Amino acid sequence: FEENHILEQQRLSEQIQTYEQDQIANTASQEYQEQTQHGDKEEVICPICCKHNLIRTNANVILCPGGSCLRLDVGAEGMTLYHVRELLNRAYKDHSSVCTGGLTFQLVNEFGVCTLRARCIICQADVIVL
């Protein structure tokens, strides 16, 4: 009986943690979308920290000036901040059409290639954004 009680407590704790993570992601998603809807077309808020505007350097690197949360070499693609903003907006729009969960973003380095991925803990989405 006690073992079942402990397992039930663990399960409930995991559900609460998942719910709280989703609420944080939803809040970040909503704030990001509100900021990008009213801002300059070349302004892109970092989808990872949601605090700083991304910058594109002369060396064709898009990065977050607030730290090491985002750094992408886009030289070969010739991508601008406008393109990044459009890809992020598309990720939010596509996801919100099938799920009420919030997206979180992270850089993933696989096989020497760094990509920005959008993930959702509710629907288990894992999408490469750029």
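The structure displayed is predicted, hence computed values, not measured ones.

Our next topic: helix H2 (residues 81-96). Its 16 residues place the ends of H2 23 Å apart at the C-alpha level, agreeing with the 22 Å of an ideal helix rising 1.5 Å per residue. Of the residues making up H2, those classed as buried are Leu81, Val84, Arg85, Leu88, Ala91, Tyr92 and His95. In an axial view of H2, the angular spread of the buried residues amounts to 125 degrees, which keeps them on one side of the axis.

Now for the nonpolar core. The nonpolar side chains of a soluble globular protein tend to be buried, and buried together. Core analysis: the biggest nonpolar cluster contains 23 residues, and Leu54, Leu70, Val84, Phe105, Leu116 and Val129 have the highest contact counts within it. At the level of elements, H2 and strand E5 (113-119) are the ones that each hand at least two residues to this core. Sorting elements by how many residues they give to this core places H2 first, with five residues. The contacts of Leu54, once residues within four sequence positions are left out, are Val44, Ile45, Cys46, Pro47, Ile62, Leu63, Cys64, Pro65, Leu70, Leu81 and Val84.

A few words now on the pairing of E5. Bridge analysis of strand E4 (residues 104-110) against E5 gives seven bridges, and the strand direction is antiparallel. When the sheet's bridge partners are listed, Glu110 is paired in E5 with Val113. What sits between the antiparallel neighbours E4 and E5 is a turn of two residues, in which Phe111 has the positive phi angle 55 degrees. With three bridges joining them, E5 and strand E6 (residues 126-128) adopt antiparallel strand pairing. Following the sheet pairing, Arg117 is matched in E6 by Ile128.

About the thresholds
The numbers attached to residues start from 1 for each chain and follow its sequence in the written order. Where totals are concerned, whole chains, interfaces and linings use all residues; where local detail is concerned, this predicted model gives features only for residues with pLDDT of at least 70, and gives and counts side-chain atom pairs only at 80 or more. Where side-chain values are given, they derive from all heavy atoms of the structure, hydrogens and water being excluded. In this text, helices come from DSSP runs of H or I with a minimum length of four residues, and strands from runs of E with a minimum of two, each type numbered from the N-terminal end. Take the residue count of a helix, subtract one, and multiply by 1.5 Å to get its expected span. The classification of residues rests on relative accessible area computed with a 1.4 Å probe and restricted to protein chains. Under 20% of the type maximum is buried, over 50% is exposed, and intermediate values are partly exposed. The directions from the helix axis to the C-beta atoms form the arc being described. As used in this record, nonpolar core signifies buried Ala, Val, Leu, Ile, Met, Phe, Trp, Tyr and Cys residues forming a set joined through side-chain atoms within 4.5 Å. What makes two residues a contact is simply this: any of their non-hydrogen atoms within 4.5 Å. Note: two strands are recorded as paired if DSSP finds a minimum of 2 bridges between them.

It is worth stressing that arrangement in space is one thing and function is another; only the former is reported here.
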